[in-house]
Amino acid sequence: MPIALAVHGGAGRQTADLPRDHERRDLLRQALRAGHQLLARGAPALDACVAAVAVLEDCGLFDAGRGSVRDAAGVVTCDAAVMDGATRAVGACACVRGVRHPVELARQVLVRTRHALLVGPPAEAHALAWGLEEVADGWYLEPTGPAPVGTVGAVACDAAGRLAAATSTGGTSGKLPGRVGDSPLAGAGTWADGCLAVSATGVGEAFIRTAFARRTADLVELAGLDPATACRRALGEVAAVGGWGGCIAVDAAGGIHLVAGSESLHRGAIGIDGVARVAVAAGEDPA
Ligand code: ASP
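The shown structure was predicted, so the numbers you read here are calculated from the model rather than taken from an experiment.

Asks: Explain the site of the ligand to me, and be specific about the residues and the numbers.
Replies: The full set of residues close to the ligand is T151, G171, T172, R179, G181, D182, S183, T201, G202 and G204. In the model, a nitrogen atom of the ligand is placed 2.7 Å from a nitrogen or oxygen of the D182 side chain. The contact in question runs from an oxygen atom of the ligand to an N or O atom on the side chain of T201, over 2.7 Å. Split into classes, the residues belonging to the shell around the ligand amount to no nonpolar, eight polar and two charged.

Shown next as structure tokens:
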């Protein structure tokens, strides 16, 4: 089975590269290599997704982990999810702060509990009890200058043909305290089953209203659409309720699909050849 991994760093409405996008392109490549190294050693798709997302959570140039945007009260809260397509196991956390890697907390919810989603201070307390790395408020970047670009995510197909997805975000800038978007919700911003793994980015409420990620997988499995067409169709439904965004998907044959439904999608892919290719503008070929 061909191994495959894709990552995204958020969808945007800008047509030109943003300041520091050359660094973001490098970081997407780093994330791809981190995940690919694991896949090449036979590691599960889920582990590759977590490793790739963790790189992007740490860098401060995306709206996740260290770079998470602030809510209306000036506070950072993060949401993340992982899903294992082989077992349909899900782990997620929402409205958490002070946890260096929300994606790792999501994985630990999957591994250690019988629950799918833990939120807020109790989730943070579990993170601490499970030995996850804590960070102080000063670790988050100060909101000076333009907001970091988007949510981050990864999808992978491992050597055994198992699929997985992971998404991590600080949500939308100026969100109401307590707001949770699509990213940590299985079926909305994150999904993996035996046919398709999907990670989305964009206006979370629209992705929730259209059950986007599950809808995309169903369009492949039940309606027989090819994955790229399914992504575009589901993004059309997001647009129909006033949203916009993009997604990445990987299918069970290791096919990678990077679909920008707005002007830009920070994205990248790596396959069996081990070459990391990235792109930002909607029409750009990954290179
Ligand atoms: N979908 C994310 C959310 O609504 C934001 C984004 O992808 O930029 O929380």
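There's more to say after this.
Asks: Pulling in residues and values, what's your account of helix α4 (residues 120-129)?
Replies: Along α4, the residues that are buried comprise G120, A123 and A127. The buried residues of α4 occupy an angular sector of 55 degrees when the element is viewed end-on, so they sit on one face. Away from the buried face of α4 by more than 90 degrees, exposed residues P121 and A129 are located. One or two positions beyond α4, positive phi appears at G131, with a value near 85 degrees.

Asks: Account for helix α2 (residues 45-59), with residues named and values stated.
Replies: If you check α2, its first and last C-alpha atoms are 22 Å apart, about what 15 residues at 1.5 Å a residue would give, namely 21 Å. By the criterion of burial, α2 is predominantly enclosed, with eleven of the 15 residues buried. Tucked into the core, α2 has its buried residues touching β1 (4-12), α1 (21-40), β2 (78-84), α3 (102-112), β5 (152-157) and β6 (163-169). Within two residues after α2, G60 carries a phi angle of roughly 80 degrees, on the positive side.

Asks: Summarise the pattern of salt bridges; cite the residues concerned and give the values.
Replies: Applying the stated criterion to the full structure yields 16 salt bridges. Taking the shortest distance from any N to any O, the salt bridge between R20 and E23 comes out at 2.9 Å. The class for R20 is partly exposed, based on a relative accessible area of 44%. Its relative accessible area of 27% is what places E23 among the partly exposed residues. The shortest N-O distance in the salt bridge between D26 and R29 comes to 3.5 Å.

Asks: I'd like a description of the sheet that holds strand β9 (residues 245-251), backed by residues and values.
Replies: Strands sit in the order β7-β8-β9-β10 across an open sheet of four strands; the sheet is antiparallel. Of all the strands in the sheet, the pair left with one neighbour each is β7 (190-192) and β10 (256-260). For this sheet the average axis-to-axis angle between neighbouring strands, irrespective of direction, equals 10 degrees. Summarising the sheet, β7 and strand β8 (residues 196-202) pair through three bridges and their orientation is antiparallel. Across the sheet, the residue bridging to W191 is V198, located in β8. Set on the sheet, helix α6 (residues 212-221) makes contact with β7, β8 and β9; between it and β8 the angle comes to about 140 degrees.

So, how was this worked out
Residues numbered from 1 in each chain as written. Predicted model: local features only at pLDDT ≥ 70, side-chain atom pairs only at ≥ 80, totals over all residues. Heavy atoms only, no water. Near = heavy atom within 4 Å. Polar contact = N/O pair within 3.5 Å; in protein donor to acceptor, adjacent residues only side chain to side chain. Nonpolar A, V, L, I, M, F, W, Y, C, P; charged D, E, K, R; others polar. Buried < 20%, exposed > 50% of the residue type's maximum accessible area, 1.4 Å probe, protein only. Helix = DSSP H or I, 4+ residues; strand = E, 2+ residues; numbered from the N terminus. Arc of directions from axis to C-beta. Expected span 1.5 Å × (residues − 1). Contact = heavy atoms within 4.5 Å. Salt bridge = Lys/Arg side-chain N within 4 Å of Asp/Glu carboxyl O. Pairing = 2+ DSSP bridges. Axes fitted to C-alpha atoms, helices over the stretch in contact; angles between N-to-C directions.

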